[in-house]
Structure formats: structure tokens, C-alpha cells
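# Per-entry structural report
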Amino acid sequence: MASFTLRVNGEPRTVSVEPDTPLLYILRNDLELNGPKFGCGLAQCGACTVLVDDKPVRSCMAAVSTVAKGRITTIEGLGTVDRLHPLQRAFIAEQACQCGFCGNGMVMSAKALLDRTPRPNDRQIKQALNGHLCRCASHNRIVRAVHRAAEELRAAGRRGAAVRATGPPGGWGPQARGERYEQTPPAEASPPNKEMRP
Ligand code: FES
Ligand code: FES
């Protein structure tokens, strides 16, 4: 046994485990973070994907000793129920999850993609999500959801830039008043996808 203090979703979490314990087991069994899923356990399906230093990692095959020094982000660290990340909102709006089992991995890899490529094309999205298996065949909706989230994030970036460019020192608006700044308002509900209609 060895003791590891992991940085998970911005918080230090100490566990005593064997050094070769897969990160996924620690997240789910010790830290009660059940967003990452156990699918194949062989780094083949992507359901267990988390970010380590902003890069997608298949946590079912990542020994804790190899990732202990990194910043670990799980889907629980992206948003909350009250304040979802744009990707989470987009997946809901586009009905991109049917059973939802692949959703965690798709969202985490999409997050890594949008961090480095704010305006991805179809090919780039498919490339980033290649290797994530979806047995429900939600692939087209997932691609649409990533485009939707990218658009929302770009709009939020433009609003942030406008605030920085035109606001007085110290800022103005909700932030200056000490109010919580909702950078990305909830997306409006979208109409059902065509293929879902009877
Ligand atoms: S459970 Fe890790 S890739 Fe399938
Ligand atoms: S939505 Fe079911 S596996 Fe992808």
C-alpha cells in the first residue's frame, strides 16, 4: 500500500492504495465520483475517460502512480446540476445521450478538443471522438452537440472580450456589483430531433 494525494477537480484527495490500482477504481470506489464509467476495462471504449492535465486519459488502464502528479478532472468537475458546462447543456439539448453510458467519455474528450480547437469542423470532432464507442448509435447527435457547445463557448468568449475591451477599471455589471456572473445563460430547449418524431 502507498499513500497518494491526488488533485481531483481542484481538491486534494488522499487515498491509500496499491500503486498499480487503476485510477477509475479510485474515482468510483474511494472518491464516489461515478461519472466515469467502467465499460471494457481495456482502454477500448472510452467510457472511463477523464482529463489529466487537460488531456483525455482512459482511467481504467491508468495506474494511479502514473497520474498522481497531474491535475485530474472528472465530469463532476465540469459543471454542477445548477450550472452545467456548455457541453453538458448541449448534449441535453441535442438529445445526444440515449442510454448515456458513453456520454462521460464523449464529453471529456470533447472538452479537451474545444480547449485547443474552439472552432472544430466535423472531421476534427470525429477524429477527437474516434475510439469512443456508442452502442446506441448517437454519433450524429453527439457531433451536433459538440458544434453547439463550441458555438456557445465562442459567444461567451466574445462577450468576455467585449467586457474587457469596454468596461472601466474594476469592471461593471453584475461582477462589479458583487453578483455572481452567469457567463453562459442556459440554452433554450431545442425542438425534438427529426428522427425522434413519430
Ligand atoms: S472502460 Fe476504460 S476504455 Fe473502456
Ligand atoms: S448513448 Fe448509449 S452508448 Fe452512447
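Residues numbered from 1 in each chain as written. Chains lettered and ligands numbered in written order. Predicted model: local features only at pLDDT ≥ 70, side-chain atom pairs only at ≥ 80, totals over all residues.

## A closer look at the overall build of the protein chain
- For the protein chain, the count of helices and strands is six helices and five strands.
- When the helices and strands of the protein chain are listed from N to C terminus, the series reads β-β-α-β-β-α-β-α-α-α-α.
- Within the protein chain, buried positions represent 34% of all 198 residues. (Helix = DSSP H or I, 4+ residues; strand = E, 2+ residues; numbered from the N terminus. Buried ≥ 20, exposed ≤ 12 C-beta atoms within 10 Å, placed from the backbone.)

## Details of the sheet that holds strand β3 (residues 49-52)
- With mixed pairing, the five strands of this open sheet are ordered in space as β2-β1-β5-β3-β4. Pairing within the sheet leaves two strands with one partner each, and these edge strands are β2 (11-17) and β4 (55-58). Across the sheet, the mean angle separating the axes of adjacent strands is 40° when strand polarity is ignored.
- Taken together, the seven bridges between strand β1 (residues 2-8) and β2 define a ladder with antiparallel strand orientation. What sits directly across from Leu6, in β2, is Arg13. (Pairing = 2+ DSSP bridges. Axes fitted to C-alpha atoms, helices over the stretch in contact; angles between N-to-C directions.)

## Considering the nonpolar core
- Of all hydrophobic cores here, the largest spans 42 residues; its most connected members are Ala110 and Ala149.
- Breaking this core down by element, the ones donating at least two residues are β1, α1 (23-30), β3, α2 (64-67), α3 (86-93), α4 (103-116), α5 (122-129) and α6 (139-166).
- For this core, the two domains that each supply at least three residues are domain 1 (2-77) and domain 2 (86-196).
- Once you skip the residues sitting within four places of it in the chain, Ala149 turns out to touch Pro86, Leu87, Ala90 and Leu114. (Core = buried A, V, L, I, M, F, W, Y, C linked by C-beta atoms within 7 Å. Domains from an automatic or database assignment. Contact = placed C-beta atoms within 7 Å.)

## A short note on the packing of α4 against α5
- It is the contact of α4 with α5, at a shortest axis distance of 9 Å, that shows an interaxial angle of 130°. Classed by the angle they form, the pair α4 and α5 counts as oblique. The element α4 and its partner α5 pack so that their crossing is right-handed. Contacts between α4 and α5 involve Met106, Ser109, Ala110 and Leu113 from the former and Gln124, Ile125, Ala128 and Leu129 from the latter.
- Here the residues of the contact of α4 with α5 sort into six nonpolar, two polar and no charged. (Parallel < 35°, antiparallel > 145°, perpendicular 65-115°, else oblique. Left-handed = near helix turned anticlockwise from the far one by under 90°. Nonpolar A, V, L, I, M, F, W, Y, C, P; charged D, E, K, R; others polar.)

## Considerations on the pairing of β2
- Little of β2 is tucked away: zero of the seven residues are buried.
- The antiparallel pairing of β1 with β2 creates a hairpin that spans two residues between the two strands, and Asn9 there sits at a positive phi of about 50°.

## Notes on α5
- Among all positions of α5, only Ile125, Ala128 and Leu129 are buried. With its buried residues spanning 90° around the axis, α5 presents them on a single face. Exposed residues on α5 whose side chains face more than 90 degrees from its buried face are Arg123 and Gln127.
- Of the residues trailing α5, Gly131 is marked for its positive phi of about 95°. (Arc of directions from axis to C-beta.)

## Here we look at the environment of Asn140
- With respect to the secondary-structure elements, Asn140 resides in helix α6.
- The exposure class of Asn140 is partly exposed, given the 13 C-beta atoms found within 10 Å.
- Sequence separation between Asn140 and Glu94 is 46 residues, and the spatial gap between their C-alpha atoms is 9.7 Å.

## Comments concerning the packing of α3 against α4
- Orientation of α3 relative to α4, taken along the N-to-C sense of each, is 130°, at an axis distance of 10 Å. Taken together, the axes of α3 and α4 are oblique relative to one another. In this structure, α3 crosses over α4, and the sense of that crossing is right-handed. On α4, the residues touching Leu87, Gln88 and Phe91 of α3 are Gly103, Val107, Ala110 and Lys111.
- Taken together, the residues that form the contact of α3 with α4 break down as four nonpolar, two polar and one charged.

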